[in-house]
Amino acid sequence: MNLTDSEIKTAIRQYEKRKSYFNERYKTYKDTPEFKEGNCRRATNWYKNGGSEIKKGYYLKNQERARLVSHLRYYKNKGMMSQYKEKFPDRYQRIMEINPNLLPKDPSPSSQQL
């Protein structure tokens with residue numbers, strides 16, 4: 001599917017117009033009593049039907065992954081991936097099992113950030 005420049009510009013313009021329309025509509029609608037009442041009702045139902053317990057279960061299930069990713073991101077942003085691999089080989093291996101895309105492509109010292 002090849003689009004010309006004018007078609008791309010038209011699509012972008014339409015997207016921006018639509019987005020601004022819905023933003024303005026929401027800004028005026030959110031202050032109405034009907035919206036506030038409905039929002040309150042939805043929130044109450046969510047808590048009554050165990051929505052918070054579902055989210056808590058999801059958090060507990062992914063807690064280990066979140067900690068690993070956070071720890072990896074710290075070393076990655078500091079440019080200390082070689083130290084991370086030396087200090088925490090078990091964590092590095094676990095991240096490789098979970099999602100190897102989180103690791104930098106070339107962890108050599110020349111590509112590290114300063």
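Model, not experiment: these values are computed from the prediction.

What counts, and where the lines are drawn
- Residues numbered from 1 in each chain as written.
- Predicted model: local features only at pLDDT ≥ 70, side-chain atom pairs only at ≥ 80, totals over all residues.
- Heavy atoms only, no water.
- Patch = residues over 30% accessible without salt bridge, like charges linked within 9 Å, V, L, I, M, F, W, Y side chains within 5 Å.
- Areas by Shrake-Rupley, 256 points an atom, 1.4 Å probe, with all protein chains shown as cover.
- Salt bridge = Lys/Arg side-chain N within 4 Å of Asp/Glu carboxyl O.
- Helix = DSSP H or I, 4+ residues; strand = E, 2+ residues; numbered from the N terminus.
- Core = buried A, V, L, I, M, F, W, Y, C linked by side-chain atoms within 4.5 Å.
- Buried < 20%, exposed > 50% of the residue type's maximum accessible area, 1.4 Å probe, protein only.
- Contact = heavy atoms within 4.5 Å.
- Phe/Tyr/Trp six-rings, centres within 6.5 Å; stacked < 30°, edge-to-face > 60°.
- Lys NZ or Arg CZ within 6 Å of the ring centre and 35° of its normal.

Our focus in this paragraph is a nonpolar patch on the surface. Taken together, the side chains of Met-1, Leu-3, Ile-8 and Ile-12 define a hydrophobic patch exposed on the protein surface, amounting to about 450 Å² of accessible area. Following the sequence through the fold, Ile-8 ends up in helix H1 (residues 5–29).

With 11 residues, the main nonpolar core is built from Leu-68, Val-69, Leu-72, Tyr-75, Met-81, Tyr-84, Phe-88, Tyr-92, Ile-95, Leu-102 and Leu-103. Those elements giving two or more residues to this core turn out to be helix H4 (63–78), helix H5 (81–87) and helix H6 (89–98). A per-element tally of this core places H4 first, with four residues. In this structure Phe-88 touches His-71 and Tyr-75, once residues within four positions along its chain are discounted.

All told, the structure shown has nine aromatic pairs when counted by the stated rule. Here the aromatic rings of Tyr-21 and Phe-22 are separated by 5.1 Å at their centres, their planes lie at 70°, and the arrangement is edge-to-face. Through pairs of rings, three or more aromatic residues link up here, namely Tyr-74, Tyr-75, Tyr-84, Phe-88 and Tyr-92. Positioned over the ring face of Phe-88 is Arg-91, at 4.5 Å from the centre of the ring.

With that settled, consider the pattern of salt bridges. One pass over the full model with this rule turns up three salt bridges. In this structure, Arg-41 engages Glu-37 in a salt bridge whose closest nitrogen and oxygen atoms are separated by 3.8 Å. Separated by four residues within a single helix, Arg-41 and Glu-37 lie in helix H2 (residues 33–48), roughly one turn from each other. Of the residues examined, Arg-41 reaches a relative accessible area of 48% and is grouped as partly exposed. Note that Arg-94 and Glu-64 form a salt bridge whose closest N and O atoms lie 3.1 Å from each other. Separated by 30 residues along the polypeptide, Arg-94 in helix H6 and Glu-64 in helix H4 bring together distant segments of the chain. The exposure class of Arg-94 is partly exposed, given its relative accessible area of 30%. On the basis of relative accessible area, Glu-64 is assigned to the partly exposed category, the value being 44%. Here the residues in one salt-bridge network are Glu-64, Arg-94 and Glu-97, joined through shared partners.

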